[in-house]
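An overview of the molecular structure
Chain residues, written in single-letter form:
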Amino acid sequence: MHYILEILPSLVSGAGMTLKIFIWTLIGSLPLGLVVGLGLISNIKPLQWLLHFYVWLMRGTPLLLQLIFVFYGLPLIGIVFPRYYAALFAFILNYAAYFAEIFRGGLQSIDNGQYESARVLRLSYGQTIRKIVIPQVIKIVLPSVGNEVINLVKDSSLVYVIGLGDLLRAGNVATARDVTLVPLVLVGVIYLLLTAVTTFVLGRIEKHYSYWK
């Protein structure tokens, strides 16, 4: 117990970095994913092709490789990110692609009759999307979005490869220094707690939208 209390502050500090990556990735990737999802179903063919290529590239290559490319590869062409912003940039682009496909499926599930009804009511395209389509899409995509959000909690551990002091890195440092697996066990417990809280919050959100049958 004395040893656990001794290493706990460094693990909590690492968990703070993990949460920052998690929260800011959600804040950046969800709106971007929605915009890309709308673009994927637009009638502008060049835009569709470009966005389909972006989604294919992000979903077809490992997030770990994308992190390494952003931090170590982009400086070769003069684009340099600090470690933290390199991680955010890669995570947001990656998760926005996944969210875009989820939103695209949700948007295409809305019956065309609802768009026609909105035109009869003289609603603009923006008003139709905001007031009629988006509320329905949110309920449809919540389970799939929830799965990706939980994956994000665990994927945030990948930032250790570019030297960010996240939870897993703090555990690895303590394990290598003290030659014991106790820090990694604690890391696992903390990740379980984070995913449990996330699952609970997502469950409450789904319940909030459950009255829309």
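The structure presented is a predicted model; accordingly, all values stated were derived computationally and were not measured.

The subject of this paragraph is the nonpolar core. Of all hydrophobic cores here, the largest spans 45 residues; its most connected members are Leu-11, Ile-21, Phe-91 and Phe-99. For this core, the secondary structure elements donating two or more residues are α1 (2-40), α3 (63-73), α4 (83-108), α6 (125-155), α7 (167-178) and α8 (182-208). The greatest single-element share of this core, amounting to eleven residues, is contributed by α4. If sequence neighbours within four positions are ignored, Ile-21 has contacts with Tyr-84, Ala-87, Leu-88, Phe-91, Ser-156 and Leu-164. The next biggest cluster of nonpolar side chains, apart from the first, holds nine residues, and it includes Leu-51, Met-58, Ala-97 and Ala-100.

This part takes up the confidence of the model for the protein. Confidence in the prediction for the protein averages 87 pLDDT; 98% of positions are at 70 or higher. Here helix α5 (residues 112-120) stands out as the least confident element of the protein, with mean pLDDT 80; helix α2 (residues 45-60) is the most confident, with 93.

Right, let's get into the side chain of Ser-157. Mapped onto the elements of the fold, Ser-157 is located in the loop between α6 and α7. Look at Ser-157 and you get buried, because its relative accessible area is 14%. Excluding residues within four positions of it along the chain, Ser-157 makes contact with Asp-166, Leu-168 and Tyr-191.

Moving on, we get to α8. Because each turn of an α-helix spans 3.6 residues, side chains separated by three or four positions in sequence point in the same direction. Along its 27 residues, α8 runs 39 Å from first to last C-alpha, staying within 8% of the 39 Å computed at 1.5 Å per residue. What α8 keeps buried is the set Pro-183, Leu-186, Val-187, Ile-190, Tyr-191, Leu-194, Thr-195, Thr-198 and Leu-202. Lining the buried residues of α8 we find α1, α6 and α7.

In this structure, Arg-122 takes a positive phi of about 65° despite not being glycine. For Arg-122, the position within the fold is in the loop between α5 and α6. A relative accessible area of 76% places Arg-122 in the exposed class.

With that settled, consider the packing of aromatic side chains. For the structure on display, the rule yields seven aromatic pairs. Considering the side-chain rings of Phe-71 and Tyr-72, the 4.9 Å spacing of their centres and the 80° angle between planes classify their relative orientation as edge-to-face. Given a relative accessible area of 15%, Phe-71 falls into the buried group. With a centroid separation of 5.3 Å and an interplanar angle of 70°, the aromatic rings of Tyr-84 and Tyr-85 are classed as edge-to-face. Among the residues examined, Tyr-84 registers a relative accessible area of 16% and is labelled buried. Among the aromatic residues, those joined into a ring-pair cluster are Phe-91, Tyr-95, Tyr-98 and Phe-99. Directly above the ring of Tyr-84 sits Lys-20, whose terminal nitrogen or CZ lies 4.9 Å from the centroid.

Here is what the cut-offs are and how they apply
- Residues numbered from 1 in each chain as written.
- Predicted model: local features only at pLDDT ≥ 70, side-chain atom pairs only at ≥ 80, totals over all residues.
- Heavy atoms only, no water.
- Core = buried A, V, L, I, M, F, W, Y, C linked by side-chain atoms within 4.5 Å.
- Buried < 20%, exposed > 50% of the residue type's maximum accessible area, 1.4 Å probe, protein only.
- Helix = DSSP H or I, 4+ residues; strand = E, 2+ residues; numbered from the N terminus.
- Contact = heavy atoms within 4.5 Å.
- pLDDT = per-residue confidence, 0-100.
- Expected span 1.5 Å × (residues − 1).
- Phe/Tyr/Trp six-rings, centres within 6.5 Å; stacked < 30°, edge-to-face > 60°.
- Lys NZ or Arg CZ within 6 Å of the ring centre and 35° of its normal.

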